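Each chain, letter by letter, is given below.
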Amino acid sequence: MNDYREGTDGRERADGPAPSKAELLAALRSSRDEVLALVRGLPPERLEEGRYESGWNGRQILAHIASIEWSYPRLIDIARTPPALPTRTMKGGNDAYNDRQVAKRAGLSVAELLAEFETNRAATIRAVETADDELFAVPIRSAGGIVGPLATVFHQVAVAHVLGHAKDIAGR
């Protein structure tokens, strides 16, 4: 739906039209279903294969997806709290944060990681459903540095980012 570009201030910006709240909810549900179907359709040994230069395998990418899902409703909180720009960055940066979260889940099974993702995605959907429509037009900056209207940033991080990782898991 949207592409990233670097703005004049060095932050990544999401380009393209912002989805409506209904479109965002539909995308959150369909991306949830796609992730679950894709991962459940893979033989267990495929999840242990390396996928990234940093050494993450499919199960670790799934741990990343499960671990970041809790944070998406916080984007709505950012939009509610003026000024919505800027937000603080993650402690140690994106990579350090992600590595810590994946390490915390090293002993979890694929089923446990999928359950965490499903639980957190349900909370994400509830947060979007209950948020005031006008909040989705408020410009925000995510902790990862994506800037744009809440609806656009939310779609980039909770839908496009997650689906990209799901395709990484599948080796597509």
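Residues numbered from 1 in each chain as written. Predicted model: local features only at pLDDT ≥ 70, side-chain atom pairs only at ≥ 80, totals over all residues. Heavy atoms only, no water.

(A) Molecular detail of the overall build of the protein chain. Of the regular secondary structure elements, the protein chain holds 6 helices and 4 strands. Reading the protein chain from its N terminus to its C terminus gives the helix and strand order β-β-α-α-α-α-α-β-β-α. Out of the 172 residues in the protein chain, the part that is buried amounts to 45%. Contacts in the protein chain between residues at least 24 apart in sequence constitute 75% of all its contacts with a sequence separation of at least 6. Carbon and sulfur atoms make up 52% of the accessible area of the protein chain, which totals about 8,600 Å². (Helix = DSSP H or I, 4+ residues; strand = E, 2+ residues; numbered from the N terminus. Buried < 20%, exposed > 50% of the residue type's maximum accessible area, 1.4 Å probe, protein only. Contact = heavy atoms within 4.5 Å. Areas by Shrake-Rupley, 256 points an atom, 1.4 Å probe, with all protein chains shown as cover.)

(B) Region of the structure containing the nonpolar core. Counting 47 residues, the largest nonpolar core has Leu 150 and Phe 154 as its most contacted members. Counting only elements with at least two residues in this core, the list comes to helix 1 (21-40), helix 2 (58-68), helix 3 (73-80), helix 4 (93-104), helix 5 (110-130) and helix 6 (150-170). In contact with Phe 154, other than residues within four places in its own chain, are Leu 24, Leu 28, Tyr 72, Pro 73, Leu 75, Ile 76, Thr 124, Val 128 and Val 159. (Core = buried A, V, L, I, M, F, W, Y, C linked by side-chain atoms within 4.5 Å.)

(C) Just the packing of aromatic side chains, in detail. Across all of its chains, the model carries 1 aromatic pair by this definition. Plain terms: the ring middles of Tyr 72 and Phe 154 are 6.5 Å apart, the flat faces sit at 55° to each other, and that makes the pair tilted. With Tyr 72 in the loop between helix 2 and helix 3 and Phe 154 in helix 6, this residue pair connects regions lying 82 residues apart in the sequence. For the pair Tyr 72 and Phe 154, one class covers both residues: buried. (Phe/Tyr/Trp six-rings, centres within 6.5 Å; stacked < 30°, edge-to-face > 60°.)

(D) Focus on the pattern of salt bridges. If you walk through the whole model with that rule in mind, you get 9 salt bridges. Where Arg 40 meets Glu 118, a salt bridge forms, and the shortest distance between an N and an O atom there is 3.0 Å. Of this pair, Arg 40 sits in helix 1 while Glu 118 sits in helix 5; the two residues are 78 residues apart in sequence, bridging distant segments of the chain. A relative accessible area of 53% places Arg 40 in the exposed class. (Salt bridge = Lys/Arg side-chain N within 4 Å of Asp/Glu carboxyl O.)

(E) Up close: helix 5. Spanning 21 residues, helix 5 covers 30 Å between terminal C-alpha atoms, matching the ideal 30 Å at 1.5 Å per step. Among the residues of helix 5, Leu 113, Leu 114, Glu 116, Phe 117, Asn 120, Arg 121, Thr 124, Ile 125, Ala 127 and Val 128 are the ones counted as buried. (Expected span 1.5 Å × (residues − 1).)

(F) Broad picture of the pairing of strand 4 (residues 146-149). Sheet analysis places strand 3 (residues 139-141) next to strand 4, joined by 3 bridges and oriented antiparallel. Looking at strand 4, one finds that Arg 141 is bridged to Val 147. Joining the antiparallel neighbours strand 3 and strand 4 is a turn of 4 residues, in which Gly 145 adopts a positive phi near 95°. (Pairing = 2+ DSSP bridges.)

(G) Region of the structure containing the confidence of the model for the protein chain. Confidence along the protein chain averages 85 in pLDDT terms, with 84% of residues attaining 70 or more. Summarising per-element confidence for the protein chain, the mean pLDDT is lowest in strand 1 (residues 3-6) (40) and highest in helix 5 (97). Within the model, pLDDT remains below 50 along residues 1-13, and this stretch shows 33 contacts once partners closer than five positions in the same chain are excluded. (pLDDT = per-residue confidence, 0-100.)

(H) Region of the structure containing helix 4. For helix 4, with 12 residues, the first-to-last C-alpha span of 17 Å sits near the 16 Å given by 1.5 Å per residue. Looking at helix 4, one finds that the buried residues are Tyr 97, Asn 98, Gln 101 and Val 102. For helix 4, the buried positions fall inside an angular range of 130° around the axis, keeping them on one side. What points out from helix 4, more than 90 degrees from its buried face, is the exposed set Asp 95, Ala 103 and Lys 104. (Arc of directions from axis to C-beta.)

(I) Looking closely at the side chain of Ser 67. Relative to the helices and strands, Ser 67 resides in helix 2. Looking at Ser 67, the relative accessible area reads 0%, which means it is buried. Ser 67 has contacts with Tyr 97, Gln 101, Arg 105 and Glu 116, leaving out every residue within four places of it along the chain.

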